[in-house]
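Structural characterization, general
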Amino acid sequence: MNMEIERKYLVKDLPLGLEEYEKHEIEQGYLGTDPVVRIRKSDDRHILTIKSGGLLMRHEFEKDITLEEYDELSKMVRGNIISKTRYKIPYDIYTIELDIFHKAFDGLIYAEVEFKDVESAKSFKAPDYFLKEVTEDASYQNSSLSEMNPSDIESFITSAYLLSSTT
C-alpha cells in the first residue's frame, strides 16, 4: 500500500501537441465508494484499486487482476461507468495525467499531478492551460462521478466550467 498525494484541476484548453504524448484508453467502474473500490481496464491491463478517504492525500492499494476476474467484478459495478482517454504529459519533474472524458461525461477534462510529498504538492506551479484547482472538492473525484444521477451530469459539467470562468 502506498500514499497517494495528488492535486486535481479542471482543464478547458488542451495543450498543443497532445497527440505526441503517451495515451491510454481507460474504462472504470466502482464497486463501492467508502472506501473506494474500483476496477479499471487501461488498454489491456486490468486493475483492482482500493483507496481510503481523503482529497489531497489518501492510502491506495492496487493489484493487477485477470480479464476473467475483471469480467466477474464488472457484474458488481454500481453507478456510472467512467470512460476516458488519459494522456501522460511531462512537465518539469512531474507527469501530468490529462483525462478527456467520453460518453456520459463528454466535455469534462481533468488534469492530475502526483507528488512524492505534501511540500512538493503545495509548491507546484500549474501550467497556463489548467483552469481551476478542484483537489479539495470531492464532487470532482471519479468515484463521485460514478454516483452522479445521469440527469445531473450535463448541468454538472456546464456549471463546472461556467463557475470556473467567473472566478
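Let me sum up the structure you'll find in this document.

A surface patch of like charges, here negative, comprises E22, E25, D43 and D44. Relative to the elements of secondary structure, E25 occurs in strand β2 (residues 22-33).

Below, the discussion takes up the packing of aromatic side chains. Overall, the coordinates contain ten aromatic pairs when judged by the stated rule. Between Y91 and F124, the aromatic rings sit 5.9 Å apart at their centres with planes inclined by 70 degrees, giving edge-to-face as the arrangement. In this pair, Y91 is assigned in strand β6 (residues 78-91) and F124 in the loop between α2 (118-123) and β9 (130-133), connecting sequence segments 33 residues apart. Among the residues examined, Y91 registers a relative accessible area of 26% and is labelled partly exposed. Arranged with centres 5.1 Å apart and planes meeting at 85 degrees, the rings of Y129 and F130 form a pair that is edge-to-face. By relative accessible area, which is 18% here, Y129 ends up buried.

Glancing now at the pattern of salt bridges. Think of it this way: side chains of opposite charge can pair up when their charged atoms draw near. Under the criterion given, the structure shown has 14 salt bridges. Of the charged contacts in the structure, one is a salt bridge between E4 and R58, with a shortest N-O distance of 3.3 Å. Placement of E4 in strand β1 (residues 2-11) and of R58 in strand β5 (residues 57-64) is noted, with a sequence separation of 54 residues between them. One salt bridge in this structure joins E97 and R86, with 3.5 Å as the shortest N-O distance. On the criterion of sequence distance, the pair formed by E97 in strand β7 (residues 94-101) and R86 in strand β6 is long-range, its members being eleven residues apart. When sorted by exposure, E97 lands in the same class as R86, which is buried. Among the charged side chains, a network of salt bridges with common partners joins K8, K84, R86, K88, E97, D99 and E112.

The rules we used
- Residues numbered from 1 in each chain as written.
- Predicted model: local features only at pLDDT ≥ 70, side-chain atom pairs only at ≥ 80, totals over all residues.
- Heavy atoms only, no water.
- Patch = residues over 30% accessible without salt bridge, like charges linked within 9 Å, V, L, I, M, F, W, Y side chains within 5 Å.
- Areas by Shrake-Rupley, 256 points an atom, 1.4 Å probe, with all protein chains shown as cover.
- Salt bridge = Lys/Arg side-chain N within 4 Å of Asp/Glu carboxyl O.
- Lys, Arg positive; Asp, Glu negative; His and termini not counted.
- Charge placed at Lys NZ, Arg CZ, Asp CG, Glu CD.
- Helix = DSSP H or I, 4+ residues; strand = E, 2+ residues; numbered from the N terminus.
- Phe/Tyr/Trp six-rings, centres within 6.5 Å; stacked < 30°, edge-to-face > 60°.
- Buried < 20%, exposed > 50% of the residue type's maximum accessible area, 1.4 Å probe, protein only.

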